[in-house]
Every structure is written in C-alpha cells, then in structure tokens.
Amino acid sequence: MSTLDATRAELALVVLYLNKAEARDKICRAIQYGSKFLSNGEPGTAQNVDKNTSLARKVFRLFKFVNDLHALISPTPQGTPLPIIVLGKSKNALLSTFLFLDQIVWLGRTGIYKNKERAELLGRISLFCWMGSSVCSSLAELAELGRLSASMKKLEKDLNNTEKYQNEQYSSKLKQSNARTLALVKSSIDIVVAVGLLQLAPKKVTPRVTGGLGFISSLISCYQLLPSPPKSKTP
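Keep in mind that this is a model prediction, so the values were computed, not measured.

(A) The arrangement of the overall build of the protein in detail. Broken down by element type, the protein carries eight helices and zero strands. For the protein, the succession of helices and strands along the chain, N to C, is α-α-α-α-α-α-α-α. Considered along the principal axes of its C-alpha atoms, the protein spans approximately 65 × 50 × 35 Å. Counting only residues that meet the buried cut, the protein has 38% of its 235 residues in that class. Here the analysis covers contacts within the protein between residues at least 6 apart in sequence; of these, 74% occur between residues at least 24 apart. A total accessible area of about 14600 Å² is found for the protein, and carbon and sulfur atoms account for 62% of it. Across the protein, 32 positive and 17 negative side-chain charges occur, with their mean positions spaced 4 Å apart.

And the structure:
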C-alpha cells in the first residue's frame, strides 16, 4: 500500500469517527470537563466555555432516551444470570430517565420552559438517575468480569500456557475482559463526577476534581468509540 493510500485510509477512519453524533458529543464532553478543571468553579472564560458546551451537548442528546428505552424492552442474551439482567435493565431505565429529564433542563435553560425552579429540580433528579445508572453499570461490569475470569481459567486448564494466546477463543475472551475493565473504570469515575455535579461532597470533590475526572472519563469514551482499523490483506 502506498503512502497516499495509507493516508486516505486513515482519513476515512477519521471521517467515519467524526460522523458519529456520539463521538462529537464525547469530544464536546472532554472540552466541557477540561474547561471545568481549568476554571475550578471561578468566573471567567473557562467557566463560560464549560456552560456553553454543556448546553450545546444537550442538543446532541435530544431524543437519545429512546435508545435506552429500546434496550430496556429488548430481550437479553440466553444464559445471562438474573442479577446481571436486573442491573442491566435498571441501568437502561435510569439512563433513559436521565436523558428524558435532561431535555426539560435544556428547555428551561433556553427559556422555552418558564418554570426555572422546577427545571432545576428536574435537573438534579436527572443527575441522581445518571449516578444510579453508573452504579448499576459498575456492578454489572464487575459481575461480567467475574464470569469471564471463571471461563478463562477453565479454558486455561485445557490449554498450555504457551498455547493460550494463540487460541482464538481465549484471545476473544481476553479482549472482552480488557474492554469490560475499561468500562468499569469509566463508570466508576462517572459516579464520582456525578457526586461532584450534585455537590454531595463539596470539600472533597471540588469543581477541579470533577472536571479532571470528567475529562479522563470523556477520553475513555472517545477511545471506546474509535472504529476498528481495516485488516490488512496478506498476499
């Protein structure tokens, strides 16, 4: 493959990535929380960027609650333990509620919805829903990691240590384990970010801590949305 062809392929991946509304939302999220980290809650340019980006992100999320509503009523894969099913459905219900209420918050901030006090109350309830969904996500990922670990250990018994990394099934489970570990880290960080946004522990989780952790969480989300590079064809 020539250098020009390689460049075209890389640009095509960038275009594919930026065409995703979810990817653009997470990039804006990184800007939002990065600005929150810089401002540390103090008035100024960084705080203005934080507030304006937060408002812009709500437009990206219009009607997004339908996605989790669909996941809530969709059947789960066979063989999934009941506790994991309950955690997954609870996460979908809470996240769908958060995204729905977030639209009312957007209407309040734009002046379309006139009851500011109720909009602020709904905004706080929506953040509690987001925190709850992050807790459910963390617990579900922990449970799934436990299942994966047990199946990998069982597979290791049937394979020699030198052969396990050449085994497709083991490699696939290892990739799943790494992806779930990253998802667990992200959801755990998001719990602390929600605590910061709700000001449940203002002395420990300051705006700077909230911004820094939110920025890290956003970068993880951006990484998770990266498209898989095309497999090179062997001659």
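So that's the structure; there's more coming.
(B) Main features of the side chain of Ser138. If you trace the backbone, Ser138 turns up in helix α6 (residues 116-158). The class of Ser138 is buried, set by a relative accessible area of 7%. If near-sequence neighbours (up to four positions away) are discounted, Ser138 is found in contact with Leu184, Ser187, Ser188 and Ile191.

(C) Highlighting the packing of helix α4 (residues 65-73) against helix α5 (residues 82-110). Taken N-terminus to C-terminus, the directions of α4 and α5 make an angle of 155 degrees; their axes are 8 Å apart at the nearest point. Here α4 lies roughly antiparallel to α5, going by the angle between them. By crossing handedness, the relation of α4 to α5 is classed as left-handed. Touching Phe65, Asp68, Leu69, Ala71, Leu72 and Ile73 of α4 are Lys89, Asn92, Ala93, Leu95, Ser96, Leu99, Phe100 and Gln103, all from α5. By residue class, the composition of the contact of α4 with α5 is nine nonpolar, three polar and two charged.

(D) Geometry of the packing of helix α2 (residues 21-39) against helix α3 (residues 45-60). Two elements in contact, α2 and α3, have axes whose closest approach is 8 Å; the angle formed by their N-to-C orientations is 160 degrees. One way to sum up the angle between α2 and α3 is to call them roughly antiparallel. Relative to α3, the crossing made by α2 is left-handed. Contacts from Ala21, Arg24, Asp25, Cys28, Arg29, Ile31, Gln32, Ser35, Lys36, Leu38 and Ser39 of α2 reach α3 at Ala46, Gln47, Val49, Asp50, Thr53, Ser54, Arg57 and Phe60.

(E) Quick peek at helix α7 (residues 168-198). Taking 1.5 Å as the rise per residue, α7 with 31 residues should run 45 Å; its terminal C-alpha atoms sit 45 Å apart, in good agreement. Looking one or two residues past α7, Gln199 carries a phi angle of roughly 55 degrees, positive in sign.

Each value, and the rule that gives it
Residues numbered from 1 in each chain as written. Predicted model: local features only at pLDDT ≥ 70, side-chain atom pairs only at ≥ 80, totals over all residues. Heavy atoms only, no water. Helix = DSSP H or I, 4+ residues; strand = E, 2+ residues; numbered from the N terminus. Buried < 20%, exposed > 50% of the residue type's maximum accessible area, 1.4 Å probe, protein only. Contact = heavy atoms within 4.5 Å. Areas by Shrake-Rupley, 256 points an atom, 1.4 Å probe, with all protein chains shown as cover. Lys, Arg positive; Asp, Glu negative; His and termini not counted. Charge placed at Lys NZ, Arg CZ, Asp CG, Glu CD. Axes fitted to C-alpha atoms, helices over the stretch in contact; angles between N-to-C directions. Parallel < 35°, antiparallel > 145°, perpendicular 65-115°, else oblique. Left-handed = near helix turned anticlockwise from the far one by under 90°. Nonpolar A, V, L, I, M, F, W, Y, C, P; charged D, E, K, R; others polar. Expected span 1.5 Å × (residues − 1).

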